[in-house]
Amino acid sequence: MAFDVAQIRSQFPILSRQVNGKPLVYLDSAASAQKPRAVIDAMVQAMETSYSNVHRGLHTLANETTEAYEQARKSVAALIGADIGEVVFTKGATEAINLVAAGLGASLQAGDEIVLTEMEHHANIVPWHFLRERKGIILRFVPVTDDGRLDLEQFRALLTPKVKVVALTHMSNVLGTVNPVAEIVRLAHEAGAVTLVDGCQAIVHQPVDVKALDADFYVFSGHKLYGPTGIGILYGKAARLAELPPYQGGGEMIGSVSLEAITYADPPHRFEAGTPPILEAIGLGAAIEWLNGVDRAAAAAHEAALYAHVTERLAGANWLRVLGEAPGKGAILSFTVEGAHAHDVAQILDRYGVAVRAGTHCAEPLMRRFGVTSSARASFALYNTHDEAEAFVDALTRTQAFFA
Ligand code: PMP
């Protein structure tokens, strides 16, 4: 059965708006996706009918809200094949990586090494730089090939006994490359390293089974997965979470507190200090339930077809440089237009109602690797249409004419 994109779109209220007198063509979902009615309604309904703080009350609303919050955790666990106790709510992927870096960092020594890749988002670089600055940890980076793949030979060469952590993205937010994460995790484990996978982009476009990947930690944000902002997920193997020191201190993460001593709650609550993002967790749960009703393989095929169509239409454009052409890549088109700054490209496209990202995409080392200071990025989601792909190509061709 064909993927019914009109039916999908009808569930996203924002997609029917106009921008600058033109129908909105939203091609910035890799930065943050739009929200289906199911997510909006779940959050409004929670506030209107059953809202309270979680975990601490004995009254009906507290119990109902706690139930909804924990139900969201179950939905996340089912989505990624985790046990419920292995799913920690954070405020985003960034916080999740900081939590792990700080926790692992506590037992690292000066001279220990951490292997990252040249295609990481700053969220998976900067927290590890903290350890370099503060503890003398050495950071190594797996190089990226010209077509946007990780150089696995170089990765193997970096895997010495000094390497304690390997952290990498499952799918690049700039190149669209999908990395062979299971193989990389296996090699890292053979070398005795702990592994963290940044799943921000991959979780949106492909099934993720954390047990099959065998990563020690897997993180992602809710807002790219059609859920709200302010909520992210840290998956950690139960044994890993159990040995990780707490990140923030406060209410809800303790066993008991006295003036002389504290004990901690078990994971995942040990890592959820203070009032958690309750409504956001409920919204993410609703997003996942909504996605469960979508034929995700068909959605992925639809996105791939849009990407293939756009690249075919632009194949002869000698003014266009595409960053990232790895086989099997996702529907993310990063590009530069000859003679034009990426910000100008994005602003002119906006006049045609087309929303794309421009800048470094929080990946300065990768920009440097490709010898550019910035790029524009069109990212395709399951709600984008063939007509929108055409509108983008048309608008980009007109935009280029300004700089020719
Ligand atoms: N990693 C990747 C690959 C991303 O695309 C992003 C978001 N651009 C992040 C990490 C950071 O996510 P957040 O800002 O939601 O914490």
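Everything that follows concerns the structure shown earlier in this document.
My aim in this report is to walk through the structure given alongside it, one point at a time. (Residues numbered from 1 in each chain as written. Predicted model: local features only at pLDDT ≥ 70, side-chain atom pairs only at ≥ 80, totals over all residues. Heavy atoms only, no water.)

1. Here we look at a nonpolar patch on the surface
A contiguous nonpolar patch, built from I40, V44, M47 and Y51 and spanning about 340 Å² of accessible area, is present on the exposed surface. Relative to the assigned elements, Y51 resides in the loop between helix 2 (37-49) and helix 3 (60-80). Y51 sits in the partly exposed class, given a relative accessible area of 40%. (Patch = residues over 30% accessible without salt bridge, like charges linked within 9 Å, V, L, I, M, F, W, Y side chains within 5 Å. Areas by Shrake-Rupley, 256 points an atom, 1.4 Å probe, with all protein chains shown as cover. Salt bridge = Lys/Arg side-chain N within 4 Å of Asp/Glu carboxyl O. Helix = DSSP H or I, 4+ residues; strand = E, 2+ residues; numbered from the N terminus. Buried < 20%, exposed > 50% of the residue type's maximum accessible area, 1.4 Å probe, protein only.)

2. Focus on the pairing of strand 10 (residues 232-236)
With 5 of its 5 residues buried, strand 10 lies for the most part within the structure. Side chains G232, L234 and G236 of strand 10 all project onto a buried face; the interleaved residues I233 and Y235 project onto the opposite face, where all are buried too. Alignment of strand 4 (residues 87-90) against strand 10, held across 4 bridges, turns out to be antiparallel. Counterpart to T90 in the pairing with strand 10 is G232. For strand 9 (residues 217-221) and strand 10, the ladder comprises 5 bridges, and the chain directions are antiparallel. Bridge pairing in strand 10 places S221 opposite G232. (Pairing = 2+ DSSP bridges.)

3. Details of the pairing of strand 17 (residues 375-379)
With respect to burial, strand 17 is a largely interior element, 5 of its 5 residues being buried. Of the two faces of strand 17, the one carrying S375, R377 and S379 and the one carrying A376 and A378 are both buried. Looking at chain direction, strand 14 (residues 332-337) and strand 17 are connected through 4 bridges and run antiparallel. Following the sheet pairing, L333 is matched in strand 17 by A378.

4. As for the site of the ligand
The full set of residues close to the ligand is A93, T94, H121, A123, T169, N173, D198, C200, Q201, S221, H223 and K224. Between T94 and the ligand, the recorded distance is 2.6 Å, taken from a side-chain N or O atom to an oxygen atom. In the complex, 85% of the free accessible area of the ligand, which totals 400 Å², lies under the protein chains. In this structure the site holding the ligand corresponds to the largest pocket. (Near = heavy atom within 4 Å. Polar contact = N/O pair within 3.5 Å; in protein donor to acceptor, adjacent residues only side chain to side chain. 1 Å grid on protein atoms, 1.4 Å probe; cavity = no way out; pocket = protein on both sides within 12 Å on 5 of 7 lines; lining within 4 Å. Sits in = over half its atoms within 2 Å of the grid points.)

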